[in-house]
Amino acid sequence: AAVPARLLGGRLRCAGRVELLFAGTWGSVCAEGWDLAAAQVLCRQLGCGRPRLIPAPCGPTAASASPAVLRQVQCTGRELALEHCTLQPGHPASCPTDR
């Protein structure tokens, strides 16, 4: 199933906080495993070229935003869209801290 994605709050179309549409609800990504590979897939999906900044897995902007819809993500970086990655929906019991 397709997983629509959007970036909110940035000054440009390809900047901002990542939100995904899961089970009919837009929510933030507060996920373990969100890394350069996942960001590459997201940027490819949105037609935004190469990622310049990788957001923290659950930084203050994600934690204070809409409810988290994704608790874990694993991408190789070669997927065409996030639905081809391994996604675990849900809200983490404790959001991972910035490492």
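The rules behind the values
Residues numbered from 1 in each chain as written. Predicted model: local features only at pLDDT ≥ 70, side-chain atom pairs only at ≥ 80, totals over all residues. Heavy atoms only, no water. Core = buried A, V, L, I, M, F, W, Y, C linked by side-chain atoms within 4.5 Å. Buried < 20%, exposed > 50% of the residue type's maximum accessible area, 1.4 Å probe, protein only. Helix = DSSP H or I, 4+ residues; strand = E, 2+ residues; numbered from the N terminus. Contact = heavy atoms within 4.5 Å. pLDDT = per-residue confidence, 0-100. Lys, Arg positive; Asp, Glu negative; His and termini not counted. Salt bridge = Lys/Arg side-chain N within 4 Å of Asp/Glu carboxyl O. Polar contact = N/O pair within 3.5 Å; in protein donor to acceptor, adjacent residues only side chain to side chain. Disulfide = S-S within 2.5 Å.

Draft legend 1. Molecular detail of the nonpolar core. Ranked by internal contacts, the top residues of the largest apolar core, which has 19 residues, are L20, W34, C75 and L82. Those elements that place two or more of their residues in this core are β1 (5-9), β2 (16-22), β3 (25-32), α1 (36-46) and β4 (68-74). Excluding its chain neighbours within four sequence positions, the residues that come into contact with C75 are A37, A38, V41, L82 and C85.

Draft legend 2. Region of the structure containing the confidence of the model for the protein chain. Per-chain confidence: the protein chain averages 81 in pLDDT, with 80% of residues scoring 70 or above. Put simply, helix α2 (residues 60-63) is where the protein chain has its lowest mean pLDDT, 51, and α1 is where it has its highest, 94.

Draft legend 3. Quick peek at the side chain of E79. Tracing the chain through its elements places E79 in the loop between β4 and β5 (86-89). Within the buried core, E79 has no salt-bridge partner, and the shortest N-O distance to an opposite charge, that of R44, equals 5.7 Å. Among the polar contacts listed, one links the side chain of E79 to the backbone nitrogen of G77, at a separation of 3.0 Å.

Draft legend 4. Here's a closer look at the state of the cysteines. A full pass over the atoms with the stated rule returns 2 disulfides. Disulfide partner of C14: C48, at an S-S distance of 1.9 Å. Its torsion about the S-S bond being -80°, the disulfide of C14 and C48 is classed as left-handed. With C14 in the loop between β1 and β2 and C48 in the loop between α1 and α2, this residue pair connects regions lying 34 residues apart in the sequence. In this model C75 forms its disulfide with C85; the gap between the sulfur atoms is 2.1 Å. With the S-S bond torsion at 110°, the cross-link from C75 to C85 turns out right-handed. One end of the pair, C75, is in the loop between β4 and β5; the other, C85, is in the loop between β4 and β5, and 10 residues separate them in sequence. Judged by relative accessible area, C85 falls into the buried class, the value being 8%. In this model C43 remains outside any disulfide bridge; the closest cysteine sulfur is found in C48, 5.7 Å from its own.

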